[in-house]
Amino acid sequence: MPDATTSPNPDASAPNPHLAAYAARGLKGRIFSGVQPTGNLHLGNYLGAIRNFARLQNDYDCIYCVVDQHAITLWQDPKELSAQTREIASAFLAAGVDGSKHIIFNQSMVPGHAQLAWVFNCVARMGWMSRMTQFKEKAGKDRENVSLGLFAYPALMAADILLYKATHVPVGEDQKQHLELTRDIAIKFNNDFAVPDFFPVTEPLIFGATTRVMSLRDGTKKMSKSDPSDYSRINLTDDADAIAQKIRRAKTDPLPMPETLEDAEKRPDADNLLGIYAALADQEKEAVVAAFAGKQFSEFKAALTELAVAKLGPIGAEMQRLMKDPGHVDGILRNGAERARALAAPILDEVYRTVGFLKP
Ligand code: TRP
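The model shown is predicted, which means the values in this text are computed figures rather than measured ones. (Residues numbered from 1 in each chain as written. Predicted model: local features only at pLDDT ≥ 70, side-chain atom pairs only at ≥ 80, totals over all residues. Heavy atoms only, no water.)

**Remarks on the site of the ligand**
Here is step 1 of the chain: In the neighbourhood of the ligand, 13 residues make up the surrounding shell, with Q36, Y153, M157, D160 and Q175 lying closest.
Here is step 2 of the chain: Y153 has a polar side-chain atom sitting 2.6 Å from a nitrogen atom of the ligand.
Here is step 3 of the chain: D160 places a polar side-chain atom, nitrogen or oxygen, 2.7 Å from a nitrogen atom of the ligand.
Here is step 4 of the chain: Contact with the protein chains removes 89% of the 370 Å² of surface that the ligand exposes when unbound.
Here is step 5 of the chain: Here the shell around the ligand gets four residues from one element, more than from any other, and that element is helix α8 (residues 148-162).
Here is step 6 of the chain: Of the residues belonging to the shell around the ligand, the class tally is seven nonpolar, five polar and one charged. (Near = heavy atom within 4 Å. Polar contact = N/O pair within 3.5 Å; in protein donor to acceptor, adjacent residues only side chain to side chain. Areas by Shrake-Rupley, 256 points an atom, 1.4 Å probe, with all protein chains shown as cover. Helix = DSSP H or I, 4+ residues; strand = E, 2+ residues; numbered from the N terminus. Nonpolar A, V, L, I, M, F, W, Y, C, P; charged D, E, K, R; others polar.)

Here's what the structure looks like:
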């Protein structure tokens, strides 16, 4: 549900006729999600997003995008941008997304994203954009000096989603506000041009408690690619030794393992490790707390290491393998982009006609 305090449009919480219409026609919903090719992928990206991408494949038609155009809202080294675009695509594949049944591509290969974003730049209001907390955080005190693209970022994200009339968007907690903005843009476009229900009012899919994986060095801070200490995170490409070392060094407190969920929640470092264990094991955190209640951290850490290596090791190895074969990955991206362009073309045509642009 959109939060009334952040959504500029109270209508955004109205029931969604599109979803019912979809189901009534016996169609699967359409998923769109994007990941930025900036910095290495870590456990937080995996548990919060990429793992879920694979799990949604049976129930939805999925479009997974490496959002290279979003990445350049902050300066990126061109060589690294290309390498990281392939790395994210490799992670999608290694996590089990089937690029032949679903679509994996990079955003800049489909011009419709930028084209629709321009229309949305003219639909979204300055006031809405100014309230985006991610912009405020990223711009900080440097507001006069950040790129115009950083400010417009959420309108491009709305375009990503609505270019395909996606019905559901799996995202982490931190992207909820951008999803609400996407709904507001859809509703305003539909109203402004008197095309009721043209764009769907997209639903966010926010996954379980562990969408927020915290730093291994500080359980009150999010695990982040920009933390200077590599010991703060588990990278998806870490090998078994690196995973073991990082878990061994992970911060804990001097007490034995928490006895109850409430006790755990008061101890951020313990809570974070328990949450990671629960997510990797696909168990409720309460069950994990019960299994290790009162034990020493060393025993729990050994179990967590074994679990993490078993679950993440094969994904890291497959990513490494794919990254050595860029030709193969590029082929999947090009093929995905071709299918994405075909889905987008009639929708963008309709938008252009609706706005009153003459056909070329
Ligand atoms: N803004 C998202 C993030 O940083 C990435 C993104 C871009 C995205 N376009 C999207 C996510 C469309 C979901 C749908 O995580």
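**Observations concerning α8**
Here is step 1 of the chain: In a regular helix each residue adds 1.5 Å, so 15 residues correspond to 21 Å; α8 covers 22 Å between its end C-alpha atoms and thus fits that length.
Here is step 2 of the chain: Its maximal kink placed at P154, α8 deviates by approximately 40 degrees.
Here is step 3 of the chain: With 13 of 15 residues buried, α8 is to be regarded as a mostly interior element. (Expected span 1.5 Å × (residues − 1). Bend = angle between axes of the 7 residues up to and from the residue. Buried < 20%, exposed > 50% of the residue type's maximum accessible area, 1.4 Å probe, protein only.)

**Structural notes on the environment of V289**
Here is step 1 of the chain: Considering the arrangement of structural elements, one finds V289 in helix α13 (residues 285-292).
Here is step 2 of the chain: On the accessibility criterion, V289 (2% relative accessible area) is buried.
Here is step 3 of the chain: Sequence separation between V289 and A270 is 19 residues; the distance between their C-alpha atoms is 9.8 Å.
Here is step 4 of the chain: Those residues in contact with V289, other than ones at most four positions away along the chain, are P258, E259, T260, L261, A264 and L274. (Contact = heavy atoms within 4.5 Å.)

**Structural notes on the pattern of salt bridges**
Here is step 1 of the chain: Enumeration over the complete set of coordinates arrives at 20 salt bridges.
Here is step 2 of the chain: Between D271 and K285 there is a salt bridge whose closest N-O contact spans 2.9 Å. With D271 in helix α12 (residues 268-281) and K285 in helix α13, this residue pair connects regions lying 14 residues apart in the sequence. Per residue, the accessibility class of D271 equals that of K285, and both read buried. (Salt bridge = Lys/Arg side-chain N within 4 Å of Asp/Glu carboxyl O.)

**Quick look at the packing of aromatic side chains**
Here is step 1 of the chain: For the coordinates displayed, the defined rule picks out 16 aromatic pairs.
Here is step 2 of the chain: Where F53 meets Y64, the ring centres are 4.2 Å apart and the plane angle is 5 degrees; that geometry is what we call stacked. You can see F53 sitting in helix α2 (residues 43-55) and its partner Y64 sitting in strand β2 (residues 60-66), a full eleven residues away along the chain.
Here is step 3 of the chain: Judged by its relative accessible area of 0%, F53 is buried.
Here is step 4 of the chain: Y64 sits in the buried class, given a relative accessible area of 0%.
Here is step 5 of the chain: Where F120 meets F199, the ring centres are 5.6 Å apart and the plane angle is 75 degrees; that geometry is what we call edge-to-face. Placement of the pair is F120 in helix α5 (residues 112-121) and F199 in the loop between α9 (176-192) and β5 (203-205), with a sequence separation of 79 residues. F199 shares its class with F120; the two are buried. (Phe/Tyr/Trp six-rings, centres within 6.5 Å; stacked < 30°, edge-to-face > 60°.)

**Description of the packing of α12 against helix α14 (residues 297-323)**
Here is step 1 of the chain: Relative orientation of the contacting elements α12 and α14 amounts to 40 degrees, with a least axis distance of 10 Å. Between α12 and α14, the crossing angle belongs to the class labelled oblique. In this structure, α12 meets α14 at a crossing whose hand is left-handed. Note on element contacts: α14 touches α12 through F297, F300, K301, A303, L304, L307, A308, K311 and L312, opposite A270, L273, L274, I276, Y277, L280 and A281.
Here is step 2 of the chain: Counted by class, the contact of α12 with α14 contains 14 nonpolar, no polar and two charged residues. (Axes fitted to C-alpha atoms, helices over the stretch in contact; angles between N-to-C directions. Parallel < 35°, antiparallel > 145°, perpendicular 65-115°, else oblique. Left-handed = near helix turned anticlockwise from the far one by under 90°.)

**Examining the nonpolar core**
Here is step 1 of the chain: In terms of nonpolar packing, the biggest core is built from 58 residues, with L43, I50, F92, F300 and L312 touching the most fellow members.
Here is step 2 of the chain: Each of domain 1 (17-211 + 325-355) and domain 2 (230-322) contributes no fewer than three residues to this core.
Here is step 3 of the chain: Ranked by size, the runner-up nonpolar core spans 47 residues in total, among them M132, F135, I161 and A186. (Core = buried A, V, L, I, M, F, W, Y, C linked by side-chain atoms within 4.5 Å. Domains from an automatic or database assignment.)

**Focus: the domain arrangement of the chain**
Here is step 1 of the chain: What the domain assignment lists for the chain is domain 1 (17-211 + 325-355) and domain 2 (230-322).
Here is step 2 of the chain: Listed per partner, the contact involves 18 residues of domain 1 and 16 residues of domain 2.
Here is step 3 of the chain: Here domain 1 meets domain 2 over a buried area of about 1,500 Å², counting both sides, of which 70% is carbon and sulfur.
Here is step 4 of the chain: Here domain 1 is connected to domain 2 by two salt bridges.
Here is step 5 of the chain: As a salt-bridge pair, D282 and R51 come within 4.0 Å of each other at their nearest N and O atoms.
Here is step 6 of the chain: Counting across the interface, domain 1 meets domain 2 through five residue pairs in polar contact (both at pLDDT 80 or more).
Here is step 7 of the chain: Those elements giving two or more residues to the side of domain 1 that touches domain 2 turn out to be α2, α4 (78-94) and α15 (326-355). (Buried area = accessible area lost by both parts, 1.4 Å probe.)

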